[in-house]
Amino acid sequence: LGVDLSSWRLALNGAEPVDPDAVEAFCAAGAPYGFDTKAAFPVFGMAEATLAVAFPALGAGMEVDVVDRGALERDAVALPIDAGHERARRLAVLGRAVRGFEMRIADRNAGTPLGDRGVGELQLRGPSVTSGYYRNETATDAAFVDGWFRTGDLAYLVDDRLVVCGRLKDVIIVGGRNVFPEDVERAAASADGVRAGNVIAFGSVSRRHRESIVVVAETKSDDPAGVRERIVVRVSDAVGIPPTDVVLVPPGSLPKTSSGKLQRSLCHERYDAGALDPV
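Anyway, here's the lowdown on the structure attached to this text. Since this is a predicted model, take the numbers as computed values, not measurements. (Residues numbered from 1 in each chain as written. Predicted model: local features only at pLDDT ≥ 70, side-chain atom pairs only at ≥ 80, totals over all residues. Heavy atoms only, no water.)

A closer look at the sheet that holds strand β4 (residues 52-55)
Read from one edge of the open sheet, three strands run β3-β4-β7, paired in antiparallel fashion. This sheet does not close on itself; its edge strands, each paired only once, are β3 (44-45) and β7 (96-97). Across two bridges, β4 lies against β7 in antiparallel orientation. The residue bridging Phe55 from the neighbouring strand is Arg96, located in β7. (Pairing = 2+ DSSP bridges. Helix = DSSP H or I, 4+ residues; strand = E, 2+ residues; numbered from the N terminus.)

Structural data, given as structure tokens:
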């Protein structure tokens, strides 16, 4: 094709969250054209920090931390585990705080700082962190604790390097487990008939006042019953819990931001209101 990627020095990825499998697939696709895997550069940033927060070492490539999914979900600790283990979860290491910034992980309940591999809320201090939300004192007061900005991200540190697990408000609590919607969405997206990248998962409280997993996915398939069955199997295999409801919708109907990010909260609202349009 005449494509030469050998001069690509830095391929920055600040997705929410960074998917190690997607990065590795990109590197593999680019390798025949000279792309250097060490150019992969997974980072963390947010608008409220304007913008960069954590960067890895330049030229080191992506580092992946493999942890025990069970300990992560039940005990809020990131215990290393063999990559081939059935409970293994792979997470991208996003580097150390950029100059002038401080990061800490706080316990979600007590608010006390945690040590290495303790999973809690990521909090920030730095010269470019917002001082508050415009004309919204309630949101501003809720966003700060002792001068630290509460990001709302569930994360942990390894030797001062950041690893993000997901968004606190999106975590699905089922049977005492903290199930991450990203894991459910990746599993559901791997089912035949599902449009890749067009899946949303969230928790919904049942009539018995128990939270359960709901999957909403786009499909073009003429066999929706088969697609639903395959989604249930894939999700059950991935997280050990089957979704209680699978809603299939036409292509282009999942709510997204102007930048193309899926909107879980809005999808959840539409589900609760019965406003989705199933195929």
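From this point, things continue past the structure.
Examining the pattern of salt bridges
Taken as a whole and judged by the stated rule, the model has 18 salt bridges. Of the charged contacts, one joins Arg90 and Glu24 as a salt bridge, the two residues approaching to 2.5 Å between their closest N and O atoms. A residue pair is termed long-range when its members are at least 10 positions apart, and Arg90 in strand β6 (residues 88-93) and Glu24 in helix α1 (residues 20-30) qualify at 66 residues. For Arg90, a relative accessible area of 27% puts it in the partly exposed group. Here Glu24 falls in the partly exposed class, since its relative accessible area comes to 34%. With a closest N to O distance of 2.9 Å, Arg117 and Asp65 form a salt bridge. Taken together, the positions of Arg117 in the loop between β8 (102-106) and β9 (120-125) and Asp65 in strand β5 (residues 63-68) put the pair 52 residues apart, joining distant regions of the chain. We classify Arg117 as buried; its relative accessible area is 18%. Given a relative accessible area of 10%, Asp65 falls into the buried group. When salt bridges that share partners are traced, they join Asp19, Arg69, Arg89, Asp183 and Arg186 into one network. (Salt bridge = Lys/Arg side-chain N within 4 Å of Asp/Glu carboxyl O. Buried < 20%, exposed > 50% of the residue type's maximum accessible area, 1.4 Å probe, protein only.)

Quick notes on the nonpolar core
A general feature of soluble globular proteins is that nonpolar side chains tend to end up buried together. Counting residues in hydrophobic clusters, the biggest one holds 28 residues, and the most contacted among them are Phe44, Met46, Val53, Met103, Leu122, Leu124 and Leu162. Every element with two or more residues in this core is listed here: α1, β4, β8, β9, β11 (148-158) and β12 (161-167). With three residues, the top contributor of residues to this core is β11. Setting aside residues no more than four positions away along its own chain, Met103 makes contact with Val53, Ala54, Gly95, Arg96, Ala97, Leu122, Gln123, Leu124, Trp148, Leu157, Asp160 and Leu162. By size, the runner-up hydrophobic cluster in this structure holds 20 residues, among which are Val194, Ala201, Val227 and Val239. (Core = buried A, V, L, I, M, F, W, Y, C linked by side-chain atoms within 4.5 Å. Contact = heavy atoms within 4.5 Å.)

Focus on the side chain of Asn198
With respect to the helices, strands and loops of the structure, Asn198 is situated in strand β15 (residues 194-205). A distance of 2.9 Å separates the side chain of Asn198 from the side chain of Lys256, its partner in a polar contact. Residue contacts for Asn198: discarding those within four places in its chain leaves Val216, Ala217, Glu218, Leu254 and Lys256. (Polar contact = N/O pair within 3.5 Å; in protein donor to acceptor, adjacent residues only side chain to side chain.)

It is worth stressing that arrangement in space is one thing and function is another; only the former is reported here.
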